[in-house]
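Survey of secondary and tertiary structure
One-letter residues, chain by chain:
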Amino acid sequence: MSSNPRTGTVALIPAAGMGTRLGEDQPKAFVDLGGTTILERSVDSALRSSVFSRVIVVVPEDMVEHARELVPEAEVVAGGAERSDSVRAGLAVIGAAERVLIHDAARALTPPDLFVRVDDELRNGATAVVPVLPVVDTLKRVDTVDHEVIETVDRAKLRAVQTPQGFTHTALQLAHAESGDATDDAGLVEALGSRVQTVHGDQYAFKITTAFDLRIARLLLADEATS
Ligand SMILES: Nc1ccn([C@@H]2O[C@H](COP(=O)(O)OP(=O)(O)OP(=O)(O)O)[C@@H](O)[C@H]2O)c(=O)n1
Ligand SMILES: C[C@](O)(CO)[C@H](O)COP(=O)(O)O
């Protein structure tokens with residue numbers, strides 16, 4: 001990887017989640033997608049983008065040795081209880097880097113060119129970059145107690161956010177040094193008042209969260225293999 005001309009960008013792949021909503025009998029990143037695990041597919045896609053000088057994956061503590069066998073090209077570290085703890089565990093071993101792309105292992109079908117799109121935007125001067133897609137459903141705000149609709153929300157300016165999310169290393173370190181609360185890393189950068197740029201996402205970068213998502217992922221890969 002050191003001979004890569006696009007040096008200076010590190011991939012940090014959080015893969016330490018339990019996959020509770022998926023409901024399989026092992027941590028989500030180690031679930032099979034038809035010959036390869038979710039973790040292997042994610043690392044492979046990152047490597048095929050030719051964006052990265054290093055790939056760091058973060059896995060449950062008891063899976064570190066197994067992960068090293070599965071993805072020998074990557075550095076493997078143990079994660080924590082929350083996603084942000086796992087990201088911080090990865091950040092702790094980065095050392096010197098210009099840019100960091102954080103990518104959910106669970107978005108295993110992400111095409112390599114999405115990594116390129118995000119990295120390019122950083123190289124063009126952005127501090128933080130997220131891939132987004134328009135929201136396709138009608139959205140309503142509801143009262144979660146009596147389940148009544150309060151209002152229909154204008155979706156024109158709403159976007160669903162994916163990963164990889166890219167950051168200058170400096171901005172990411174600052175964001176994670178604060179003990180803020182956010183469901184993604186860009187949320188922590190926003191909280192510091194920094195601008196977050198968007199690029200067009202990709203439907204294949206969907207997150208495998210539920211059993212339905214896993215079925216879709218397996219079907220898409222099986223379809224790819226036969227076409
Ligand atoms: N403590 C955690 C929690 C999540 N993740 C990672 O963050 C990504 C997005 O998380 P999500 O898909 O929500 O995974 P889980 O936390 O495993 O899902 P669940 O909430 O259903 O348990 C995944 O690649 C997951 O492995 C992580 O590295 N460490
Ligand atoms: C980081 C993320 O994938 C961006 O969409 C998302 O926020 C993770 O959220 P989850 O609560 O772990 O599903």
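Reference entry: report on the structure contained in this document. Note that the structure is a prediction, hence the values are computed from the model and not measured. (Residues numbered from 1 in each chain as written. Chains lettered and ligands numbered in written order. Predicted model: local features only at pLDDT ≥ 70, side-chain atom pairs only at ≥ 80, totals over all residues. Heavy atoms only, no water.)

**Focus: the pattern of salt bridges**
How we decide: What makes a salt bridge here is a side-chain nitrogen of Lys or Arg within 4 Å of a carboxyl oxygen of Asp or Glu, nothing more. Put simply, DSSP marks the helices as runs of H or I at least four residues long and the strands as runs of E at least two long, and each gets a number from the N terminus on. Relative accessibility thresholds used throughout: buried, under 20% of the residue-type maximum; exposed, over 50%; partly exposed, between the two (1.4 Å probe, protein chains only).
Within the structure shown, the criterion is met by 10 salt bridges. Across the pair R99 and E98 runs a salt bridge whose closest N-O atoms are separated by 3.3 Å. We note a salt bridge from R99 to D119, for which the minimum N-O separation is 3.5 Å. Of the two residues, R99 sits in strand β4 (residues 99-102) while D119 sits in helix α4 (residues 112-123), which places them 20 residues apart along the sequence. For the pair R99 and D119, one class covers both residues: buried.

**Here we look at helix α7 (residues 211-226)**
Put simply, the test is: Expected helix span is taken as 1.5 Å per residue step, with the number of steps being one fewer than the number of residues. Note: the arc covers the axis-to-C-beta directions of the helix.
For α7, with 16 residues, the first-to-last C-alpha span of 23 Å sits near the 22 Å given by 1.5 Å per residue. Buried residues of α7: D213, L214, A217 and L221, and no others. Projection of α7 onto a plane perpendicular to its axis shows the buried side chains occupying an angular sector of 100 degrees, all on one side. Residues of α7 that are exposed and point over 90 degrees away from its buried face: F212, R215 and T226.

**A look at the site of ligand 1**
So the rule is basically this: Each residue is tested against the molecule or strand, and it is near if at least one of its non-hydrogen atoms lies within 4 Å. Definition of a polar contact: a pair of N or O atoms within 3.5 Å, with one able to donate and the other able to accept a hydrogen when the atoms are protein atoms, and with sequence-neighbouring residues admitted only if both atoms are side-chain atoms. Only the protein chains shown count as covering a residue, and every accessible area follows the Shrake-Rupley method with a 1.4 Å probe.
By nearness alone, 18 residues border ligand 1, and G19, T20, R21, K28 and S86 come closest of all. One of the backbone N or O atoms of G19 is found 2.7 Å from an oxygen atom in ligand 1. A distance of 2.7 Å is found between an oxygen atom of ligand 1 and a backbone nitrogen or oxygen belonging to T20. Protein chains bury 87% of the 560 Å² of accessible surface belonging to ligand 1 in isolation.

**Details of the environment of T183**
Looking at the element boundaries, T183 is found in the loop between α5 (169-177) and α6 (185-191). Overall, the relative accessible area of 78% leaves T183 in the exposed class. When the C-alpha atoms of T183 and D113 are compared, they prove to be 24 Å apart, with 70 residues separating the residues in sequence.

**With respect to unusual backbone geometry**
Generally, phi is negative for residues other than glycine and the peptide bonds are trans, each holding for most cases. A cis amide bond links T163 with the next residue in sequence, P164, at an omega value of 10 degrees. Within the secondary structure, P164 is located in the loop between β8 (159-161) and β9 (165-168). The phi torsion at S50 lies on the positive side, around 60 degrees, for a residue other than glycine. If you trace the backbone, S50 turns up in the loop between α1 (38-48) and β2 (54-59). Taking relative accessible area as the criterion, S50 reaches 39% and is therefore assigned partly exposed.

**Considerations on the packing of aromatic side chains**
We count it as follows: Any Phe, Tyr or Trp ring, taking Trp's six-membered ring, that has another such ring centre within 6.5 Å forms a pair; planes under 30 degrees apart are called stacked, those over 60 apart edge-to-face, and the others tilted.
For the structure shown, the criterion picks out 1 aromatic pair. Consider the rings of F52 and F115, whose centres lie 5.6 Å apart with planes at 85 degrees: the pair is edge-to-face. You can see F52 sitting in the loop between α1 and β2 and its partner F115 sitting in helix α4, a full 63 residues away along the chain. Each member of the pair, F52 as well as F115, is classed as buried.

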